[in-house]
Every structure is written in structure tokens, then in C-alpha cells.
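What follows is the residue order along each chain.
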Amino acid sequence: MSRKLLPVSITVALMGGTAIADVPNVAVDIAPIHSLVSRVMDGVGTPALIVAPGASPHEYNLRPSEAAALQDADLVFWVGEDLTPWMESAIETLADSATVTSLLDADGTVLLEFRESAVFEAHDHGGEDEHDHDDDHEHDHDDHAKDDDHDHEEHADQDKHDEHHDHAHGAHDPHAWLSPANAETWLNLIAAQLSSADPDNAGAYFANAAAARAEMAALSEQVAETLGPVRGGSFVVFHDAYQYFEDAFDFPAAGAISIADASDPSPARIAEIQTRIREEGINCVLAEPQFNPGIVKTVLDGTEAKTGVIDPLGSDLEPGAGLYPQVILNMAKTLAECL
């Protein structure tokens, strides 16, 4: 991919006001990241959102208007290939002259390992990795796919991994935006990249990023207060997208119906989750608006667990600067209400 190489750490003197200049065209993959970019660009310009609200980013077909936004982009911000593998080729084809920033590859991003199991132990986050640019994000993708043969059917202890045979994923969970600490790191990076492309408005970008980081700290306090009364409650999520949130607020899930790439769970995995719910008295099973509610209904059958809908993307929210904090707060409220 042809792309400009820009430094991610730049010292810029803050300037008063917003300069009149040609603001760069910016394209962003998903609504929460679009929200962060919108907050940094507040008063200067508006980025384009590529993945439509309500759609799953794991699999997506670009609309003509979204393809055009990529083609016109001077800068592209995206989570990375681990979340939207289909977007790599779209960027190469449509945005080959744009400056492309993969946030999972950014210095300072804290990454958590991809979890395979259906049920989790407390604080089962698989370890943390503060990324640097020597971190290997080019994985063979064979670890969970190479044994796609019928011999596995003879091994009951392998049943819970059957759903992976046709799915490849990286080593890290890609839902890193659900960590407010990662969001704070990315705000600085976004401001730096925008300022490199548009130095006349650098003061506005960095001032907005600083204000957004202060708002992030207040958001974390509000989420902690919301979760306080239900701390210790146990819940299961539809797909394993929430460990960054769990880690940030010390509020671990008991399990996930599907793995982090949202592939369809095997019957064995569903049975394992049902057993966990019944034997341990799980309080809550959370569905998501992007995925089939019938699977959650099947899991709930014969249990006394409550259900709710949790949304890591803000599907029913207006895209823009206010979406990210509302997504995080709504997740906390959903948990509190379900538990």
C-alpha cells in the first residue's frame, strides 16, 4: 500500500482560533472512532463514516458513497485489519495515496489477547501488551484454522473450538476502543496526524484533543459510579467484544456465546454457556443489535437469567463527537439495569 509516513509525536505551538484553510478529507471506519476524530476536528471539519451505523464491522459491503469517501480521503483512520479485514483491500484500491493510520498499531495502545474459551475466569484477559511498532501483527492465522479436518469430531474437548475452523483472526482482540485509556491515546495521535496534514489548524486540533481527554476522565468516573451498585453481578455477552471495558472498570464477564470475531457459535459452545448459566446462577445474558437474537433466546431457554441489549458501536445514536462517551455510558447503564 502506498501511504505517506507521518510522525505520530509532533510538538506544535497552540494557536488561538481556527485558521481558514483547506481542511483535509478524512474517512473513518466505525462510529466510535469517527466520534473521536469528529471531536478532534470540532469547529474545523467533519470526517466521513465508512461503516454504516447498525452494521457489523466484521463483515461489510461498501456502499458507493462510502467507497467515494475512501477515494477522496487525504487521511484514513481505522481500528485495523483484525477488526475489519475486508477494509485492507478497499484502502489499497481506493485510498492508495492517503495517509492511513491503524489504531491497533499505534504506540501506546494497550492490546489484550484474543480469548478462545466460552467461559471466563475472573480477570481472564489473557495478558496485556502495550504495542510498539516492532510488535508483530502479521500472523499466520493458521493457529486455529490449520486443523480443519474431521478427526476433531472425535475429540470432545475440542468441540468448543469447532466454530473457528473457517475463521482466521489475529492474536489480539480488536475491540480496543472500549478502553477509555486507549481512546485518550488515540486522541493525541489523531490530533498529530491532522496537524501534519493541516498545520494551519493544529492549534484547534490539539486544543480539542486536550478537552476530550479531560471529558474522558469524567466519563470513567461516571461509569464507575453507575456500575458500583451491581458490582459482583455475573453476566454473559453475545460475542467476546467487551474485555477492554471489563478490564478498564474491573467488571469481568462470565463468558461469551461467540468469540471476538462474531463467528457463529458451535452447538457445543452454546451448551457450555447454558451449563455455566444454570450451575452458577448467571444473572444476565446480553444480546447485541448487530446479531441474531435467536441465539441468545436459545441460550436463555430453561434459565432464569435476565436479558438486555448492549451495543459497542452506538447503532441507534447520531454519529458525531458525542457518540463515543454515550456508547461507553450506555453500556454501563445496560449492565446495571440487567443485573
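The structure under discussion appears in the preceding block.
Presented here is an overview of the structure given in this document. Bear in mind that the values here come from a model prediction, so they are computed numbers and not experimental data.

Looking now at the sheet that holds strand β9 (residues 284-287). Strand order in the open sheet made by the four strands is β8-β7-β9-β10, with parallel pairing throughout. Sheet topology places β8 (255-258) and β10 (306-309) at the edges, where each strand pairs with a single neighbour. Put simply, the sheet's adjacent strands are angled 25 degrees from each other on average, direction ignored. Bridge count between β9 and β10: four bridges; the pairing is parallel.

Residue position: serine 179 is located in the loop between β6 (128-130) and α4 (180-197). Residue contacts for serine 179: discarding those within four places in its chain leaves Tyr244 and Tyr324.

Before going further, it helps to spend a moment on the sheet that holds strand β3 (residues 75-78). One open sheet holds the four strands; their spatial order is β2-β1-β3-β4, and the pairing between them is parallel. Two strands lie at the open edges of the sheet, namely β2 (48-49) and β4 (99-102), each paired on one side alone. Here strand β1 (residues 26-28) pairs with β3 via three bridges, running parallel. Along β3, the bridge assignment pairs valine 28 with phenylalanine 77. Sitting on the sheet, helix α3 (residues 87-94) is in contact with β3 and β4, with an inclination near 175 degrees to β3. Together, β1, β3 and β4 form the strand contacts of α4, whose direction differs from that of β3 by roughly 170 degrees.

Attention shifts here to the pattern of salt bridges. In total, this model carries six salt bridges according to the counting rule given. One salt bridge connects arginine 276 with glutamate 280, and the closest N-O pair in it is separated by 2.8 Å. On the criterion of helical spacing, the pair formed by arginine 276 and glutamate 280 is a turn pair, its members being four residues apart in helix α7 (residues 267-280). Taking the relative accessible area as the measure of exposure, arginine 276 reaches 12% and is therefore buried. Salt bridges sharing partners connect three or more residues here, namely Arg39, Asp42 and Glu215.

The next point concerns the state of the cysteines. Tallied over the entire structure, the rule returns one disulfide. Disulfide pairing places cysteine 284 opposite cysteine 338 at an S-S distance of 2.0 Å. Its S-S torsion of about 105 degrees marks the bond between cysteine 284 and cysteine 338 as right-handed, since a negative value means left-handed. Here cysteine 284, found in strand β9, pairs with cysteine 338, found in helix α9 (residues 323-338); they are 54 residues apart in sequence, far enough to count as distant. A single burial state applies to cysteine 284 and to cysteine 338, both of which are buried.

The rules behind the values
Residues numbered from 1 in each chain as written. Predicted model: local features only at pLDDT ≥ 70, side-chain atom pairs only at ≥ 80, totals over all residues. Heavy atoms only, no water. Pairing = 2+ DSSP bridges. Helix = DSSP H or I, 4+ residues; strand = E, 2+ residues; numbered from the N terminus. Axes fitted to C-alpha atoms, helices over the stretch in contact; angles between N-to-C directions. Contact = heavy atoms within 4.5 Å. Salt bridge = Lys/Arg side-chain N within 4 Å of Asp/Glu carboxyl O. Buried < 20%, exposed > 50% of the residue type's maximum accessible area, 1.4 Å probe, protein only. Disulfide = S-S within 2.5 Å.

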